[in-house]
Amino acid sequence: MKIAVVGTGYVGLVTGTCFAETGNHVTCIDIDEKKVEKLKNKIIPIYEPGLDVLFDRNIKQGRLDFTTNLKEGIKGAKIIFLALPTPPGEDGSADLSYILGVAEDLGPLLDQYTVIVDKSTVPVGTADKVTAKIAENAKVEFSVVSNPEFLREGVAVEDFMKPDRVVIGTSSTKAQKIMEELYAPLVRQGNPIITMDEKSAELTKYAANSFLATKITFMNEIANMCELVGADVDMVRKGVGTDSRIGKRFLFAGIGYGGSCFPKDVQALAKSAKEVNYNFEILNAVMAKNKEQKTKLIDRLKDHYGSDLKGKTVAVWGLAFKPYTDDIREAPALVNIKALLEAGVKIKTYDPEAMDNVKELLGDSITFCKDEYDAAEDADALLIMTEWPVFRTPDFDKIKSTLKDNVIFDGRNLYNTETMAELGITYYSIGRAIVK
Ligand SMILES: NC(=O)c1ccc[n+]([C@@H]2O[C@H](COP(=O)([O-])OP(=O)(O)OC[C@H]3O[C@@H](n4cnc5c(N)ncnc54)[C@H](O)[C@@H]3O)[C@@H](O)[C@H]2O)c1
Ligand SMILES: O=c1ccn([C@@H]2O[C@H](COP(=O)(O)OP(=O)(O)O[C@H]3O[C@H](CO)[C@@H](O)[C@H](O)[C@H]3O)[C@@H](O)[C@H]2O)c(=O)[nH]1
């Protein structure tokens, strides 16, 4: 099948590449000329494990190409995916200008029955708005389908190729059949295609992300309780996670959720609720608590050193919002670095993939190091922000000989508290006893 993907960011690139892998001919379209030039030169602008193999194979096979020209790109496409940004607007609601702008452009360009798919995360009612925009100038029949994407960065290819489920929101049986044909190779492992109306599909995406963000926040709250009563959040996690009604995943306490999705989607759902005069109170608490949690370790630094941190040097391990990505959108590391810089602290940092992106943002206001030990050299303390595997089993003797004070502030609970005690390292983590 010939398909087009408009927007070649994270989701667009993964969607396009994976559908080429299942035998379709895919044209990816983006207005960013530099990005398209890179892609044409076989350079992937993001770091996503496993994407390169599929990308190279499908370009070689002639099934994947790139253009900045919408008219050329959609020629002959039976399905057009919209994988465009939906960032928070000033009031917190999802900004639909990218989606509706492209919908307007598409109307006069369609020359055969086409399925237009909202792949972006969009509020309830967007499929209707996209339909109305296209209809203003369309001369042919078309259907707008909501098909939210549930992939996680870092494991995006695996998530896309073996989805837990595929949600298709449509009231058109013709569009449903075309979508089922496209997804058939991905659901062979028995996971379902769930077909529903457009509005329910749109809300499903926000419900999933907000529920997961709430689950994490709940465990962060339990961690805060643990610290006050002398319990251990890792034990509580194991104790509750083995209840199959609760499940083991997304129960890891830490320094708050970040990334390009949870923060904006929780905010957008709260705003959507407000628009229909519903006070979705739990979401307001989740957002407020997550904001507090992000800088929790700065409070611990102040407990340890006193409120004036001026003149200290802190090594920061990890910048990406989570491992296996170079994405720094809403990364807790950035919030902490900003707060520490304001407090007059010098920062030395290392991240396996995200340093170039942070360099673009912060320039030489912080020092970028060649590895984790280089970052720790002559720093007073170590702050762990991302759970990259390389940080899990470091040479602690080396760390002890490089850090000025033997103190670690760990936002990801990487180390065993008993081991830290044996090593004589002062160790602050989340929801567990302080080791002194
Ligand atoms: N990143 C994720 O893990 C993820 C997962 C599921 C869903 N989503 C949702 O998918 C959507 C896209 O997210 P993303 O992270 O891929 O965004 P992104 O910012 O990485 O990419 C968006 C792309 O769209 C391009 N673009 C903007 N205007 C355009 C236009 N008029 N024509 C063509 N291209 C245009 C941009 O240049 C950019 O390359 C969002 O709604 C997001 O919430 C993201
Ligand atoms: O137990 C956990 C799990 C995650 N996180 C944090 O939560 C954030 C989001 O993590 P994750 O969900 O793994 O990453 P994303 O790539 O942002 O994926 C989420 O957002 C995507 C965009 O909407 C959805 O498609 C995915 O299903 C959804 O998991 C990160 O800051 C993690 O550190 C925790 O603090 N504790």
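Residues numbered from 1 in each chain as written. Chains lettered and ligands numbered in written order. Predicted model: local features only at pLDDT ≥ 70, side-chain atom pairs only at ≥ 80, totals over all residues.

K.L.:
Give me the lowdown on the sheet that holds strand 13 (residues 407-410), citing residues and values where you can.
P.N.:
What the six strands build is an open sheet, ordered 11-10-9-12-13-14; its pairing is parallel. Looking at the sheet topology across the chains shown, the edges are occupied by strand 11 (367-368) and strand 14 (426-428). The sheet contact formed by strand 12 (residues 381-384) and strand 13 spans three bridges and is parallel. Paired with Leu 382 across the two strands is Ile 408, which belongs to strand 13. Helix 13 (residues 296-305) rests against strand 12, strand 13 and strand 14 of the sheet, and its axis sits at about 155° to strand 13. (Pairing = 2+ DSSP bridges. Helix = DSSP H or I, 4+ residues; strand = E, 2+ residues; numbered from the N terminus. Contact = placed C-beta atoms within 7 Å. Axes fitted to C-alpha atoms, helices over the stretch in contact; angles between N-to-C directions.)

K.L.:
Tell me about the UniProt feature "active site" (unreviewed entry) in the protein chain, and please be specific about residues and values.
P.N.:
Here the UniProt-annotated "active site" (unreviewed entry) positions come out as Cys 261. Secondary-structure assignment places Cys 261 in the loop between helix 10 (233-241) and helix 11 (262-275). Residue Cys 261 is classed as buried on the basis of its C-beta count, with 25 C-beta atoms lying within 10 Å. Discounting residues that sit within four places of it in the chain, Cys 261 has contacts with Thr 121 and Asn 209. (UniProt positions renumbered as here; feature names shortened; annotations may be inferred. Buried ≥ 20, exposed ≤ 12 C-beta atoms within 10 Å, placed from the backbone.)

K.L.:
How would you summarise the nonpolar core if you had to cite specific residues and measurements?
P.N.:
Of all hydrophobic cores here, the largest spans 72 residues; its most connected members are Val 6, Ile 80 and Ile 116. Tallying contributions element by element places helix 9 (residues 198-229) first for this core, with eight residues. Looking at this core, you find at least three residues from each of domain 1 (2-196) and domain 2 (205-292). Residues in contact with Ile 80, not counting those within four places in the same chain, are Ala 4, Val 6, Ile 74, Leu 106, Thr 114, Ile 116 and Val 117. Leu 301, Ala 381, Ile 399 and Tyr 428 belong to the second-largest nonpolar core, a separate cluster that totals 46 residues. (Core = buried A, V, L, I, M, F, W, Y, C linked by C-beta atoms within 7 Å. Domains from an automatic or database assignment.)

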